Amino acid sequence: MSFFGLDCVRKKEREVERKIRANDREYNSTFKYATNSIKTSKYNPFTFLPLNLFEQFQRIANAYFLILLILQVIPAISSLSWFTTVVPLVLVLSVTAAKDAIDDINRHRSDRKVNNRKVNILINGKLTSDKWMNVQVGDIIKLENNQFVTADLLLLSSSEPLNLVYIETAELDGETNLKVKQSLTVTGDMGEDLGALGSFNGEVCCEPPNNRLDRFTGTLTFDTQKHSLDNERVLLRGCTLRNTDWCFGLVLFAGPETKLMQNCGKSTFKRTSIDRLMNVLVLFIFGLLALMCIILAVGNGIWENQTGSEFNNFLPREENTAFSAFLTFWSYIIILNTVVPISLYVSMEVIRLGNSYYINWDRNMYHARSDTPAEARTTTLNEELGQIKYVFSDKTGTLTQNIMTFNKCSINGKSYGDVYQQYSGERLEITEETTPVDFSFNPLADPKFLFYDHSLIEAVKLELPDVQAFFRLLALCHTVMAEEKKEGWLQNTLINLFLTYPSSQHQSLCLVGHLVYQAQSPDEGALVTAARNFGFVFRSRSPETITIEEMGMQRSYELLAILDFNNVRKRMSVIVRSPEGKLSLYCKGADTIIYERLHPSCRKLMEATTDHLNEFAGEGLRTLVLAYKNIDEDYFSEWKQRHHESSVALEDREEKLDELYEEIEKNMMLIGATAIEDKLQDGVALTIEQLAKAEIKIWVLTGDKQETAENIGYSCNLLREEMNDVFTVAAHSPEEVRQELRDARLKMKPSTEPNKFLVPEVILGNTPKLVQDESVEGEYGLVINGHSLAFALESGMELEFLRTACMCKTVICCRVTPLQKAQVVELVKKYKKAVTLAIGDGANDVSMIKAAHIGVGISGQEGMQAVLSSDFSFAQFRFLQRLLLVHGRWSYLRMCKFLRYFFYKNFTFTFVHFWYAFFCGFSAQTVYDEGFITLYNLVYTALPVLGMSLFDQDVNAGWSLEFPQLYVPGQLSQYFSKRAFMMCVLHSCYSSLMIFFVPYAATYDTARADGTEGADYQSFALITQTCLTVTVCVQLGLDLSYWTVVNHLFVWGSLGMFFILTFTMYTDGLFRIRPSSFAFVGTARNCLNQPNVWLTVALTALLCVLPVVAHRFFSCQIAPTINDKVRNKMREMKEPAPRPRHPRLTRRSTRRSGYAFSHAQGYGDLVTSRRFLRRPATSRSTAFNSAGRSPGFKPTGRSAGYSPVGREQNPKQKVEPTSLQKFRTVIDSSF
């Protein structure tokens, strides 16, 4: 059980291994495994009030005011009424509690939504629909297509051949391509037989709950046989079942013990650096307060001994001077408590809330396409956005859209993809207004596919042999699987067909379902989709055949072998036999690999293709080269026999197969090259450029392969050819990793000393070590993979890694786990005095988002896990620059101005009490009227400072984006620091001296015009109050950079309110009602009608602000800041701020990327081993009419029958006109 949300029971012993028996809840319950209910909320109705108050009073200031309230109810030491403290204290506690309650209610709603999802559970041999929260370890559950996986499951059986399932793991690792899982044969044979599944009593012994997404070890014991279990048999919570009608699974881990929840990281209470600094300053202020009270208490003791006896007739005194001094100490604690007013924290909450709404309301951060506004999910971290030094970003879905598009290609030495002006031949930039190619001639074309070069479609229609060979290769050489769907598509298709075709042809039309490709990687999907749109449609596959549709004619190729990809080969090949019996090998891969294996006759074509590859790579496109080879039948028979012998060899199997692959992949003929764009999100490159100008370092932490991450790094200008060097750390042992890091560091800065990069910093008695920034000449990048990073994050090497990484301009960590992402962030937080921000869009980014000072979630294609765990969210990465450079900088600047001014006005207010104590016998008498003390912070000075903190801006948004360097002072904490605080204290001390002694001197031994005494206590108090109020308002006017109507209203309104309330409270009527509270009767009327009083007020205000004006004038002239320079430029231009520039950023490079790099090894074996996952798509519907063509094709030449080299294998036959052609003929003849 829990009490106040705290676990009070004995902690469960650490689990070493997990034992589970299927369909036996009684047995499994003895182990007390977690249920499938998740809880992210903190409170319930009973624990909210005590637990929330307990948390709030852990804040030093709140505890201080509670103690102060207790002191104020003691008459012997209190000279102020209790309500001066209790009202603001209750207000701040209520506001904070309400905000916490709203946040927790949202967490409760989210938990209920997830826990109340429905799932089918097998109980007593029957399927019962129940809530997720009621699922227990050991239950067998049934999942259906497109359902979320309820818990971590052992896959038992599925609807697919060989008990395979497709899952999408976007919520776990950010990858939207499908992955394959397969059950054991012994459980797969049960199928969907509920009787067999209900009587299944297998026992699982496996690893305890952990956060390793890529590993699982265990055994299944069933019918006295023990079977090995690995990660291929497990479905993890957070995955989605795809293209699988149903599957059954045994629950292994539930709720908080699932790998998804284990990777979510620990939620920590985040505080800004200003909050942490405030805690230090509050302790200093308490010390200062205690020092002042001790001085005044000692003064009281001395005064009582020396002078107090003279006042016995007027003021009864304590005979014990020590006790009198003791009481005086506590009395002054109450009087001088305004050095830390409770209204400070109320105002800070209001300011943060207001600046949060600015983020929510910003239309420039609204994404219309997805109808997603920016959202400040946490209202307490706004100013931290103005101090970010390190940004940790996911790649897939954050920097990129996770969408691959076929952009350009080179075929037989000719480049396609660019658009040229018809007459001048000038190349045009492709925009939204550019007319795309019309693929309406092809009813199977993907409507989302866009291509703009019309010359390529004309070449396809002319049936140029090389162009056909190019797209035939793309349609055959892959491991994609096809599926036809008719859901929702059928109705639209029927309507279109009935509108398009004459009624006489309706009965002869054969419908084709919506063709969907499931690709192992988005690259392959883009290439096959391109071939599909240009008339070479991949329709279906079996282990022995590949069926494609070439310009409307269905053709089935015999699949003889797949020479699969791996990281060494960097290429993939297929060997097929055409319907005419011709053997061909089709190959695609990295250009350097393919070029080494081409026939010498291709040399001239290689030169032209290389030029195109360089051009494609210069635009950041991912390229690969295509080649083919005709194979002799006898040779292939002999090669196939050797291939079979090698594939069953017990020793050196991989080496023997590689030799055979090398042998057959020689003397190939070059066809061309493709260029794929891994589409970046809009504005990514510009955003990164702007953040770099703001001295913000960006580290990319991705689960993708190294080469893929590097390609994106170059595409978005994180990595550039102009860099002095890009270091790659890919070692497999700790010693090698350490040496590579050291070599990189010494190359960047040969003179580095090993032990002089750590500097100690003392914070509240602790002395943590900080890694200082080291400057290097030039720019460098660092790329490190997951294996090396695991070694680099070990305690003995983490400082070496951090030191090397911080010298680099860009750091890219590849193949990292969610936990490693969080560890990298924690490493920087621990050893760098810098504010960090993590941004991501998937569940694999949650731990990183929680670990960073600021977490930003992108609401993208990968679910909402990252958004739910984030502090801020929006739809596009490009909004990050506005969040930081505009809202973050403004929030930080406003908060710093607020704190400087607030401390100034309150220290000034309090120090006047201190000086007055020396003239009132240290009697704890207040220099001000009690009403003024109560209203000073709540009415007279509250609104002006709030107006400044909500509306002030040194430059507007346009200039902030135009000059990102304005962001740098925030990183260095120049606007508010310990030094700035001490300057506030000194400034307040000077002002308080002027405010006290100038009126004192002006009224000393003076008389009014009517001859009455002008130096009474009440008149002096009123003059001092007026000088103070006017001075702090003038000071605020000097601090304001941007006057608005609201600021004018607040400043002049507060001054007016001061005089209105002063005259009101000093009237006869209020005095009669409550004489003790309104004792200053008539003082305002008698005092403020004297001209010398107004001259005193004006002189005091002038003397207080004169040093400030002089300091700012000389600073602007001698050492202007970046803010001064930009504001001067803004005034000189006398024009609105320039609009942010959006240049088109391109990369000119000789570095070419390879599509093959993003491919994974082993998928080819799955296809050819009869373990492929989909049934033939064409078995569901037929797309061919009696002529064998799809309706709608309009061939303009030869339809098919060409070998890769263009030799005609069948005589050209007369082509029957299609239905669409007949229809067009009828229409044309009617005009």
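Residues numbered from 1 in each chain as written. Predicted model: local features only at pLDDT ≥ 70, side-chain atom pairs only at ≥ 80, totals over all residues. Heavy atoms only, no water.

(A) Focus on the packing of helix α20 (residues 684-693) against helix α28 (residues 879-917). For the pair α20 and α28, the least separation of the axes is 8 Å and the interaxial angle reads 25°. When the interaxial angle is binned, α20 and α28 end up roughly parallel. With respect to the hand of their crossing, α20 and α28 are arranged in left-handed fashion. Where α20 approaches α28, its residues Leu 686, Thr 687, Gln 690 and Leu 691 are matched on the opposing element by Leu 880, Gln 881, Leu 884 and Leu 885. Residues belonging to the contact of α20 with α28 are distributed by class as follows: 5 nonpolar, 3 polar and no charged. (Axes fitted to C-alpha atoms, helices over the stretch in contact; angles between N-to-C directions. Helix = DSSP H or I, 4+ residues; strand = E, 2+ residues; numbered from the N terminus. Parallel < 35°, antiparallel > 145°, perpendicular 65-115°, else oblique. Left-handed = near helix turned anticlockwise from the far one by under 90°. Contact = heavy atoms within 4.5 Å. Nonpolar A, V, L, I, M, F, W, Y, C, P; charged D, E, K, R; others polar.)

(B) Broad picture of the pattern of salt bridges. Applying the stated criterion across every chain yields a total of 41 salt bridges. Across the pair Asp 845 and Lys 821 runs a salt bridge, and its minimum N-O distance is 2.7 Å. In this pair, Asp 845 is assigned in the loop between β37 (835-840) and α26 (846-851) and Lys 821 in helix α25 (residues 818-831), connecting sequence segments 24 residues apart. Taken as a pair, Asp 845 and Lys 821 share a single burial class, namely buried. (Salt bridge = Lys/Arg side-chain N within 4 Å of Asp/Glu carboxyl O. Buried < 20%, exposed > 50% of the residue type's maximum accessible area, 1.4 Å probe, protein only.)

(C) Structural detail: the nonpolar core. Membership of the largest hydrophobic core comes to 103 residues, with the highest contact counts inside it found for Tyr 332, Leu 344, Tyr 345, Phe 898, Leu 899, Phe 903 and Phe 907. Aside from chain neighbours lying at most four places away, what touches Leu 344 is Met 278, Phe 898, Leu 899, Phe 902 and Phe 903. Membership of the second largest hydrophobic core comes to 55 residues, among which are Val 460, Leu 515, Leu 626 and Ile 671. (Core = buried A, V, L, I, M, F, W, Y, C linked by side-chain atoms within 4.5 Å.)

(D) Looking closely at the side chain of Thr 1029. Here Thr 1029 is to be found in helix α34 (residues 1017-1039). The buried category is assigned to Thr 1029, whose relative accessible area is 1%.

(E) Focus on the sheet that holds strand β9 (residues 178-182). One open sheet accounts for 3 strands, arranged β9-β8-β14; its pairing is antiparallel. Because the sheet does not close on itself, it has two edges, and the strands there are β9 and β14 (240-242). Each adjacent strand pair in this sheet contributes to an overall mean axis angle of 45°, direction not counted. Sheet analysis places strand β8 (residues 164-168) next to β9, joined by 5 bridges and oriented antiparallel. Across the sheet, residue Leu 164 finds its bridge partner in β9, namely Gln 182. (Pairing = 2+ DSSP bridges.)

(F) Examining α25 more closely. Taking 1.5 Å of rise per residue, 14 residues should cover 20 Å, and α25 covers 21 Å from first to last C-alpha, within 8% of that figure. All buried positions along α25 are accounted for by Pro 818, Gln 820, Lys 821, Ala 822, Val 824, Val 825, Leu 827, Val 828 and Tyr 831. (Expected span 1.5 Å × (residues − 1).)

(G) Representation of a negative patch on the surface. On the surface, Glu 651, Asp 652, Glu 654, Glu 655, Asp 658 and Glu 659 cluster together to form a negatively charged patch. Here Glu 651 is to be found in the loop between α18 (633-647) and α19 (653-664). Accessibility expressed as a relative area gives 60% for Glu 651, which makes it exposed. (Patch = residues over 30% accessible without salt bridge, like charges linked within 9 Å, V, L, I, M, F, W, Y side chains within 5 Å. Areas by Shrake-Rupley, 256 points an atom, 1.4 Å probe, with all protein chains shown as cover. Lys, Arg positive; Asp, Glu negative; His and termini not counted. Charge placed at Lys NZ, Arg CZ, Asp CG, Glu CD.)

(H) Spotlight on the UniProt feature "transmembrane region" (unreviewed entry) in the protein. Sequence positions flagged by UniProt for "transmembrane region" (unreviewed entry) are, in local numbering, residues 83-102, 280-303, 323-346, 898-919, 931-951, 980-1002, 1049-1071 and 1092-1114. For residues 980-1002, helix accounts for 100% and strand for 0%, while the C-alpha atoms at its two ends are 32 Å apart. Across residues 1092-1114, the secondary structure splits into 100% helix and 0% strand, with the terminal C-alpha atoms separated by 33 Å. (UniProt positions renumbered as here; feature names shortened; annotations may be inferred.)

(I) Structural detail: the packing of aromatic side chains. If you walk through the whole model with that rule in mind, you get 61 aromatic pairs. Ring geometry for Tyr 27 versus Phe 31: centroids 5.4 Å apart, planes at 75°, classification edge-to-face. A residue is classified by how much of its surface remains accessible, and Tyr 27, at 22% relative accessible area, is partly exposed. For the pair Phe 919 and Tyr 1000, a centre-to-centre distance of 5.0 Å together with 50° between the ring planes defines the contact as tilted. In this pair, Phe 919 sits in the loop between α28 and α29 (930-940) while Tyr 1000 sits in helix α33 (residues 978-1003), placing the two residues 81 residues apart along the sequence. According to the relative accessible area criterion, Phe 919 is partly exposed, its value standing at 41%. Counting every residue linked through ring pairs, the aromatic cluster contains Phe 406, Phe 439, Phe 449, Phe 451, Phe 470, Phe 471, Phe 534 and Phe 536. Here the basic side chain of Arg 18 rests over the ring of Tyr 33, its NZ or CZ set 3.9 Å away from the ring centre. Lying across the ring of Phe 902, Lys 905 places its NZ or CZ 4.0 Å from the centre. (Phe/Tyr/Trp six-rings, centres within 6.5 Å; stacked < 30°, edge-to-face > 60°. Lys NZ or Arg CZ within 6 Å of the ring centre and 35° of its normal.)

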